[in-house]
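Examining the three-dimensional arrangement
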Amino acid sequence: MKALRIPFAGATLNRREVERRDASFVQQLITSDMARLLVVSDLALHRLKSDGDTSVDVPLRVALHTCRDIADIYFLGTETNSVPYFATHRSNVSAIPDEEFSDIDLRQQYATLADATLARLAIGRSLVTWHNTARFCGSCGQSARVVEFGAARKCTSCGTSNYPRVNPVALTLVLDGCGSCLLAQHVQRPKFFTCVAGFISQGETLEEAARREVEEETGLKVGNVSYVFSQPWPFPGQLMLGCFATVVDRNAPVKVDTHELLAAKWFTRDEVIGALARSRDSPLRVPDSIALANRLLSHWIDAITDGKQPKL
Ligand SMILES: [Zn+2]
């Protein structure tokens, strides 16, 4: 079976969890000529036009003196070539005018970026987005200051610590064991059919969440659920957990939750192959290869092409 590339996975960044507790260690890196800064906004990452088209970040020494607040420059870690990486929000370097930046849209340009670069950009994007929403303490409402150069925030009043959060999502490909899979057309993303997805609730396992979401959205009961692989998803900070699930009764009627879905249908292996190949004749559209749903479909096709149904 082919190894599948999973966008945003494969980070080679060393987050320096121990060394970053020593402020002098990070301060030394901030002033290093090698240090790079990821500049993040809600929609894009920004690079300096003067720094060339190959850069996906900005020399920190250029941006540092324009920063509104140096505390809002977060340390991501060091790469295997020892280059230290930091990230901040676009608004923190507002002294640099828009015309000096060009934008990188991760969703559009992911395929042109190396795995480790893409993973690093995803970490920076998720971290900056989290800090922007965690400026006040969830316990008492007072301001929360950055600690360990972005590893957490601590309330200035009650001392509660908050850490960058990740929200787990169960992404489930329902199979019938006979060469067909069930795909859903979501109300919010009607252009394609994809896996059933939903946030894992408190007190749930991945398997329980997958079974609940499939039944809620399609009316179908699934039995065995098996984890396949996962993907960090930086829009803004999910962890997608891909799994296969077997339907209990292939002939049971599909009853969609119209609040969530427009439709849910069974598709054959050949229909999915056509959609993955972007065949012009294919009536089925599936998500691009940036999405774990696409990788899960490819993994299923590879498994049955190799002559075996995936293990469940
Ligand atoms: Zn507090």
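Heads up: the structure comes first, above all this text.
Described in the following lines is the structure provided in the data block. (Residues numbered from 1 in each chain as written. Predicted model: local features only at pLDDT ≥ 70, side-chain atom pairs only at ≥ 80, totals over all residues.)

1. Focus on the environment of N251
With respect to the helices and strands, N251 occurs in the loop between β14 (238–247) and β15 (261–268). Here the alpha-carbon distance between N251 and F86, two residues 165 residues apart in the chain, equals 54 Å. (Helix = DSSP H or I, 4+ residues; strand = E, 2+ residues; numbered from the N terminus.)

2. A closer look at the nonpolar core
Membership of the largest hydrophobic core comes to 70 residues, with the highest contact counts inside it found for F86, L171 and V174. In terms of residues, this core owes the most to one element, helix α4 (residues 115–133), which gives seven residues. Split by domain, this core shows at least three residues from each of two domains, domain 1 (19–133) and domain 2 (167–305). For V174, the residues in contact, after removing those within four places along its chain, are C181, L182, V196, V214, L220, V222, A245 and V247. (Core = buried A, V, L, I, M, F, W, Y, C linked by C-beta atoms within 7 Å. Buried ≥ 20, exposed ≤ 12 C-beta atoms within 10 Å, placed from the backbone. Domains from an automatic or database assignment. Contact = placed C-beta atoms within 7 Å.)

3. A closer look at unusual backbone geometry
Working note: non-glycine residues mostly have negative phi, and peptide bonds are mostly trans. With an omega of 5 degrees, the peptide bond between F235 and P236 qualifies as cis. You can see P236 is positioned in the loop between β13 (222–233) and β14. The phi torsion at F8 lies on the positive side, around 80 degrees, for a residue other than glycine. Its place among the elements puts F8 in the segment before α1 (23–30). For E148, which is not a glycine, the phi torsion comes out positive at approximately 50 degrees. As for its position among the elements, E148 is in the loop between β7 (144–147) and β8 (152–155). Taking the C-beta count within 10 Å as the criterion, E148 has 17 such neighbours and is therefore assigned partly exposed.

4. Regarding the sheet that holds strand β9 (residues 161–162)
Pairing is antiparallel in the open sheet, where three strands are placed in the order β7-β8-β9. Every interior strand has two partners, whereas the edge strands, β7 and β9, have only one. With four bridges joining them, β7 and β8 adopt antiparallel strand pairing. From the neighbouring strand, R145 faces β8, where its bridge partner is K154. (Pairing = 2+ DSSP bridges.)

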